[in-house]
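Summary of the model geometry
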Amino acid sequence: MESAFEKALRPRIISWVQERAEANGGFLNRAELLDFHIDGQKLPIIDYSRGIRNPASFESTLSIVSATDGPYDDTESEDGLLHYAYREGDPWSGDNRKLRNAMATGAPLILFRKEVPNIYTPVAPVYVVEDYPEERTFIIALDESFNFVHDVRHMPEPERIYALRLAKERLHQPAFRTRVIIAYGTQCAICELKYGSLLDAAHIIPDSHERGVPTVNNGLALCKIHHAAYDQNMLGVTPDYEVRISRDILEKVDGPMLRHGLQEMHGRTIQLPQRSADRPSAEFLAWRYEQFGVRT
């Protein structure tokens with residue numbers, strides 16, 4: 001059972017995580033998650049040393065962490081569901097018991113993706129929808145509707161397509177945004193705006209293209225106006241990292257936003273990530289700049 005106290009706290013905690021993450025640019029740092037307070041009481045949202053958070057006062061798990069370099073074999077399946085490995089020890093007690101109780105009660109959890117040290121991308125709410133003791137694995141879904149799928153390992157095609165779409169929207173795109181914005185020091189590569197909530201991760205080669213990989217070197221941290229201008233080929237970036245504004249935009253007269261926000265960016269050199277591996281691929285930029293030249 002889930003107490004009324006616990007049931008009331010969960011949506012408040014999830015709301016805070018979502019709001020705080022958006023203010024930062026899509027992520028939270030370890031310190032703020034460990035220092036979370038609610039109603040005057042400290043209640044860390046992640047564990048200090050483990051990938052699962054089970055507050056003593058909670059009957060069900062509050063959050064889980066999925067890390068590519070973690071000690072457990074937590075993997076995303078081809079159906080867009082997360083296979084979350086049992087925690088070590090007795091499979092029927094401790095952490096595993098509280099995860100199993102979350103499945104029984106339908107309690108929403110927070111999934112944190114840790115792909116950058118000390119930086120967490122939240123995905124919430126998520127739900128424990130299946131338990132496979134023989135594989136020592138729980139199945140985590142991004143929508144509680146998967147509780148009603150008879151066998152999540154053999155989903156009908158419509159459900160599988162829906163799960164994959166959710167994974168792209170709620171797992172892959174937010175993780176890409178985090179990696180790109182962190183790489184650029186939480187600032188727009190063009191105008192250096194430093195408000196995380198106003199920053200996006202723009203694909204150089206669009207993700208709809210077969211070459212549009214979700215890697216940092218295929219991304220630019222851009223403020224929302226420059227992201228929109230980039231997507232509409234009002235703005236281009238050369239392989240030498242210089243900003244170009246389309247001729248028709250340069251010739252328009254339309255007030256201070258157009259003048260300062262776009263026209264004055266013409267000829268600027270973009271700010272680059274410190275790590276050379278994170279810098280935008282010259283090949284990708286050249287491909288995209290060709291599209292800019294064709295359409296302007």
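Okay, so let's go over this structure. (Residues numbered from 1 in each chain as written. Predicted model: local features only at pLDDT ≥ 70, side-chain atom pairs only at ≥ 80, totals over all residues. Heavy atoms only, no water.)

Notes on the nonpolar core
Counting residues in each nonpolar core, the largest one holds 34 residues, and the members touching the most others are Ile190, Leu220, Leu222, Tyr230 and Leu235. Put simply, the parts of the chain that give this core at least two residues each are α4 (157-183), β11 (199-203), β12 (219-223), α5 (224-231), β13 (235-237), β14 (243-245) and α8 (282-295). For Leu220, the residues in contact, after removing those within four places along its chain, are Val180, Tyr184, Asp200, Ala201, Ala202, Ile204, Tyr230, Val237, Ile270 and Pro280. Tyr86, Ala107, Leu111 and Phe146 belong to the second-largest nonpolar core, a separate cluster that totals 30 residues. (Core = buried A, V, L, I, M, F, W, Y, C linked by side-chain atoms within 4.5 Å. Buried < 20%, exposed > 50% of the residue type's maximum accessible area, 1.4 Å probe, protein only. Helix = DSSP H or I, 4+ residues; strand = E, 2+ residues; numbered from the N terminus. Contact = heavy atoms within 4.5 Å.)

Some remarks on unusual backbone geometry
Both trends apply: most residues other than glycine have a negative phi, and most peptide bonds are in trans. The amide bond that connects Ala124 to the next residue, Pro125, takes the cis arrangement and shows omega of -5°. Looking at where Pro125 falls in the secondary structure, it is placed in strand β9 (residues 119-132). Positive phi values are uncommon outside glycine, yet Glu192 reaches one of about 70°. Looking at where Glu192 falls in the secondary structure, it is placed in the loop between α4 and β11. A positive phi angle, close to 60°, is found at Asn233, a residue other than glycine. Along the polypeptide, Asn233 turns up in the loop between α5 and β13.

Here's the deal with the environment of His226
Here His226 shows up in helix α5. His226 sits in the buried class, given a relative accessible area of 1%. With residues near it in sequence (within four places) discarded, His226 still touches Cys188, Ile190, Cys191, Leu235, Gly261, Leu262 and Met265. There is a polar contact of 2.6 Å between the side chain of His226 and the backbone oxygen of Gly261. (Polar contact = N/O pair within 3.5 Å; in protein donor to acceptor, adjacent residues only side chain to side chain.)

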